[in-house]
Amino acid sequence: MASSPRSPPPAPPPEFEISRQSRIFAALSKKVIDLDELRMLASQGVPDAAGVRSTVWKLLLGYLPNDRSLWEQELAKKRLQYAAFKDEFLSNPVETSRQVGKEGHCNNNAEHVDNGLLHRSEVTQEEHPLSLGKTSVWNQFFEYSEIMEQIDRDVKRTHPDMHFFCGDSSFAKSNQESLKNVLLIFAKLNAGIRYVQGMNEILAPLFFVFRSDPDDKNAKFAEADSFFCFVELLSGFRDNFCQKLDNSAVGIQGTLAKLSQLVAKYDAELQHHLEITTEVNPQFYAFRWITLLLTQEFNFADTIHIWDTLLSDPDGPQETLLRICCAMLILVRKRLLAGDFTSNLKLLQNYPPTNIGHLLYVANKLH
């Protein structure tokens, strides 16, 4: 008799974890990595002790080519490109004006220089703080000042319980600066979306994993690597962040409708009780689940394990994400079927602690 999707999986024996670790090591040691094999292994979870999650995620997101011989040159190229982005997009207008002043005065009399600042008569239209020109560094600075303030506020609220992200240590402050840099550069390169509140929560697991790489040569470039992987990850969810598409079939409302259909397919009774009887629609709880890739529903370590599975989907994370959301509902179905609008909404907006291995097992059965 086929087992119910709600049946818990048998607990894996300790040797299974060791075997899985050795299989991942073997998969990564090949000259040309078989991505199908790596996806299959990673979807079952990357063992924390292996110290290879950083490399696995970079491969799953297409940041690293599957040919190992190309890794060094590809990483060097991308990291150089990111350094150029920082020079272009994170320049301070005061510093830029001073630099222009220094360059301009190299060819003129030294007496015109006053503490590195341009004299008023020598400030060009483009360097003037009140210039409205599109190429004005000041105009660009003021245009993004609100976004910079929003990013700053959100980054300071990122995982306040973790010393990695919060606190007065130079390490935490350095990590916060890296998150801010990535988000601001992304906003400037993607004018159609810019920055949407919550993007910091999606960036955080990537940066944490890359900054925690046991290989210091990689860890010190975590900011650059996170930027490109963040762009790649968001490309699959871009429509969920685009307000113009909110009510379209490809926007967030379309994604929520897909979740509703999935729940109806596997548990019609539950879907009817939730949406018809108690009128708890997916947008009341699953909007956050989907747009923030479940980063707010579980503790950070569990989120990392869920992402091993999410990033392993060859068609992008969205289908796997919807199956996990559906499984989350199925796992608390008894409480939901016994509940009313208020209790069900409270339950789903504060999802109870659960066995992540069991959750992923149930989600995998919903194919």
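Quick caveat, the model's predicted, so the values are computed rather than measured.

What follows is about the nonpolar core. Among the nonpolar cores identified, the biggest contains 97 residues, and Val-56, Trp-57, Phe-230 and Trp-289 are the most heavily contacted of them. Per-element accounting of this core gives the leading share, nine residues, to helix H17 (residues 317–331). Residues in contact with Phe-230, not counting those within four places in the same chain, are Val-182, Leu-183, Phe-186, Met-199, Ile-202, Leu-203 and Leu-206.

Below, the discussion takes up the environment of Gln-283. Take Gln-283: it is sitting in the loop between helix H14 (268–277) and helix H15 (286–291). Note: C-alpha distance between Gln-283 and Ile-252 (31 residues apart in sequence) is 8.9 Å. Beyond its immediate stretch of four places on either side in the chain, Gln-283 contacts Gln-253 and Leu-256.

Under the counting rule described, the total for this entry stands at 18 aromatic pairs. Their ring planes at 75 degrees and their centres at 4.8 Å tell us that Phe-164 and Phe-165 sit as a pair that is edge-to-face. With respect to burial, Phe-164 and Phe-165 carry one shared label: buried. Seen in terms of ring centroids, Phe-186 and Phe-230 are 5.2 Å apart; in terms of plane orientation they differ by 75 degrees. Their pairing is edge-to-face. Of this pair, Phe-186 sits in helix H8 (residues 170–189) while Phe-230 sits in helix H11 (residues 222–235), placing them 44 residues apart in sequence. By relative accessible area, which is 0% here, Phe-230 ends up buried. Among the aromatic residues, those joined into a cluster by ring pairs are Tyr-63, Tyr-82, Phe-85, Phe-89, Phe-227 and Phe-228. Over the ring of Phe-210 we find Lys-58, and its NZ or CZ is 4.9 Å from the ring centre. The ring of Phe-228 has Lys-78 lying over it, and the distance from NZ or CZ to the ring centre is 4.9 Å.

Even without a glycine there, the phi angle at Leu-293 is positive, about 50 degrees. A relative accessible area of 2% means that Leu-293 is categorised as buried. Residues other than glycine seldom take positive phi values, yet Leu-294 does so here, at roughly 65 degrees. Locating Leu-294 in the fold gives a position in the loop between H15 and helix H16 (300–310).

Rules used in this analysis
- Residues numbered from 1 in each chain as written.
- Predicted model: local features only at pLDDT ≥ 70, side-chain atom pairs only at ≥ 80, totals over all residues.
- Heavy atoms only, no water.
- Core = buried A, V, L, I, M, F, W, Y, C linked by side-chain atoms within 4.5 Å.
- Buried < 20%, exposed > 50% of the residue type's maximum accessible area, 1.4 Å probe, protein only.
- Helix = DSSP H or I, 4+ residues; strand = E, 2+ residues; numbered from the N terminus.
- Contact = heavy atoms within 4.5 Å.
- Phe/Tyr/Trp six-rings, centres within 6.5 Å; stacked < 30°, edge-to-face > 60°.
- Lys NZ or Arg CZ within 6 Å of the ring centre and 35° of its normal.

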